[in-house]
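Residue-level structure breakdown
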Amino acid sequence: MKEENYYKLLKEIFVNKESVVTELINLEAILRLPKGTEHFISDVHGEYDAFDHVLRNGSGSVKEKIKECFNETEVDIDDLATLIYYPEEKIKLEKMTKETADMKAWYAQKIQLLIPVVNYTSRKYTRSKVHKALPDRFSYIVEELLTEKQQETDKQDYIQAIIDNVIQLNQAASLISALCYVIQRFVVDHLHVVGDIYDRGPAPDLIMERLIHYHSVDIQWGNHDIIWLAGMAGSPLALMNVLRICARYGNLGIVEERYGVNLRPLVEYSWKHYTVRDKFIPKLEDETSFSAEEKNNLNKIQQATAILQFKLEGQLIKRRPEFLMDERRMLDFIDYTKSTIQLQGKTYSLVDFSAPTIDPADPCALTKEEEELIKNLLRSFQNSEPLKRHMDFLMKKGSMYLRYNGNLLLHGCIPLHQNGDFKSFRLGQKHYSGKELLDFFEEQIRYSYDHPEVSNDFATDLLWYLWTGECSSLFGKKEMATFERYYIADSGTHHEEKNAYYRLRNQESICKEILKDFDLPTNGHIINGHTPVKAYKGENPIKANGSMLVIDGGFAKSYQKETGLAGYTLLFNSYGLQLVAHQPFSSVNEAVTQQIDILSTKRLVEEVERRTTVAQTNIGKKLIQEKEALETLYKNYDVY
């Protein structure tokens, strides 16, 4: 009955057999097109300018397409590429140096150059998809320019008349910008962001806005994303983590100014109870952009949120014995008269430890003042309209992992034992591991996010566990040594032991077992973020004979000292996979005025014998199902 109703509804869409035939022909043609280019980016950590530039240049793909369109003696490749990346900025720069007549000639020349690039980059798409990608105000003009062959003498005057009229009506700048953004759109068909949009850098909100308006994107949540989601889902502990990290990296302006969260009560509380301590000096990219008072403010807020975090952690660990984290109830192990702590049978002196609101008899208890402070901060955080919109988008487009075109995309790891077996997370009599574990995590994340009014249920507590728990696929370590790094001088206590996955992912057999567990072909790839690749030490991002590709973007400037470059991105087009290594981005101004692009090196990971078609992709599978349904409808059209 359900099947019959489905075909009756389908028949309402296709009102006669001829329309069914037309759609079948259309679908068959689409299935034979080359697959679109996928662009993989990870760990952007709030570095908007570098992230935006990599989107604009398609990890070098735009310049590559220009070179395929033109001989280098015909056109200045760098100049045209800069225009395509930053059309408004480039036009503004040209206007500063050119007279009106020269500017009109420049407009005409650039339009003539951009049209073949648009034409070339749109070749793998249907005419319908190309039409939808064009801006409404210029769609007719662009389609005319794309359709007509400019080399034909009979059409030269016609083409020139269109361009002349565009310039005469002062629409040239807008048309050029539209053409440039269409090229960017056609070069990359789909974007994958493999986690960690938030923390470290100064503008995750701008990245989120960019993604919201991007034509096709999915996101695999990172550990730094999940802690922001957890705050919106109602976790006060997650919120303390967010605020502490923002204070540590001088980014409280993101929360207060751009997301409109009222931090005044936190500032007053911090200044009331804390004094400046060396261990809490903020890590700032540009010291000169902060006054002495602002630095002191960041120092004190970092201290206040750290102690509040440790109090809330102790409470959560006590109510969640199933998390097996009793050894992380740090405030319970302190001798407050001697200012020492006992860990793993050893006693350590505490450095710069100040906790004026702690009651040694009940160290994890909040004062009335702190309860009120946290309640107000959480309310303000959850009521931020722009933040809620960004977190909603993260939930809509995000997931713990993604199976896409034969590949497995995930941010952190699949928890493993030292022998390669899947590590289990036990709840009562139930054990979760591998794909089942990540599915369970995602189910709990979505439940918690749908119930933001509840702050201490299991699902919300689990979001914090994903930030720091031993079996968290997003964290991937035994424990997070935040307390030790702040208060214990012995660097041996600062070490965070990684899960065995990060050693075993070098083995092809382990990667194939993971792919099998996720119902993927063993010739696919695991595409991983989270851990910066130390290129300067010779670490290879291609592991396990190509089964594992690590693309931590290295966008965060704080990581670039460790890596020796600005990380990796990945391109997957119809010809195969290319890994792209990037040097650090300078600035938008230098990119426009000096035509300085990110220096990128492409490295072939895998080349296919025959170009991959749409039919071989996730989208193709859906289209094949549609085609089969239409074939059934056609054969039985009179029955339905």
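Below is a short write-up of the structure. Everything numeric here is computed off the predicted structure, so don't read it as measured data.

This brings us to the overall build of the protein chain. Secondary structure summary: the protein chain contains 27 helices and 17 strands in total. In terms of overall dimensions, the protein chain is globule-like: its C-alpha atoms have a radius of gyration of 28 Å, near the 26 Å expected for 640 residues. In terms of principal-axis extent, the alpha carbons of the protein chain reach across some 95 × 70 × 45 Å. Within the protein chain, buried positions represent 55% of all 640 residues. Taking the intrachain contacts of the protein chain between residues at least 6 apart in sequence as the baseline, contacts between residues at least 24 apart amount to 73%. Surface accessibility of the protein chain: about 28,700 Å² in total, with carbon and sulfur atoms responsible for 48%. With 79 positive and 93 negative side-chain charges, the protein chain shows a separation of 2 Å between the mean positions of the two kinds.

A few words on a nonpolar patch on the surface. Among the surface-exposed residues, Val-21, Ile-25 and Tyr-634 lie close enough to one another that they form a single nonpolar patch of about 260 Å² accessible area. For Tyr-634, the location among the structural elements is in helix α27 (residues 618-635).

With that settled, consider the sheet that holds strand β4 (residues 334-335). The strand order across the open sheet built from three strands is β4-β5-β6, with neighbouring strands paired in antiparallel fashion. Edge strands, defined here as strands with exactly one partner in the open sheet, are β4 and β6 (346-349). For strand β5 (residues 340-343) and β6, the ladder comprises four bridges, and the chain directions are antiparallel. Residue pairing across strands places Leu-343 opposite Lys-346, the latter belonging to β6.

Turning our attention to the nonpolar core. Within the largest apolar cluster, 192 residues are counted, with the highest numbers of intra-cluster contacts made by Leu-80, Ile-197, Leu-211, Trp-228, Phe-425, Phe-483 and Tyr-487. Inspection of this core shows a minimum of three residues originating in each of domain 2 (59-187) and domain 3 (204-493). For Leu-211, the contacting residues outside a window of four places in its chain are Phe-51, Leu-191, Val-193, Ile-197, Val-217, Ile-219 and Phe-393. Listed in part, the 14 residues of the second largest apolar core include Tyr-7, Leu-10, Phe-14 and Leu-633.

A separate point is helix α11 (residues 172-187). Given a rise of 1.5 Å per residue, 16 residues ought to cover 22 Å, and the 23 Å separating the end C-alpha atoms of α11 matches this to within 8%. Most of α11 is tucked away: 13 of the 16 residues are buried.

Rules used in this analysis
Residues numbered from 1 in each chain as written. Predicted model: local features only at pLDDT ≥ 70, side-chain atom pairs only at ≥ 80, totals over all residues. Heavy atoms only, no water. Helix = DSSP H or I, 4+ residues; strand = E, 2+ residues; numbered from the N terminus. Rg over C-alpha atoms; globule rule 2.2 N^0.38 Å. Buried < 20%, exposed > 50% of the residue type's maximum accessible area, 1.4 Å probe, protein only. Contact = heavy atoms within 4.5 Å. Areas by Shrake-Rupley, 256 points an atom, 1.4 Å probe, with all protein chains shown as cover. Lys, Arg positive; Asp, Glu negative; His and termini not counted. Charge placed at Lys NZ, Arg CZ, Asp CG, Glu CD. Patch = residues over 30% accessible without salt bridge, like charges linked within 9 Å, V, L, I, M, F, W, Y side chains within 5 Å. Salt bridge = Lys/Arg side-chain N within 4 Å of Asp/Glu carboxyl O. Pairing = 2+ DSSP bridges. Core = buried A, V, L, I, M, F, W, Y, C linked by side-chain atoms within 4.5 Å. Domains from an automatic or database assignment. Expected span 1.5 Å × (residues − 1).

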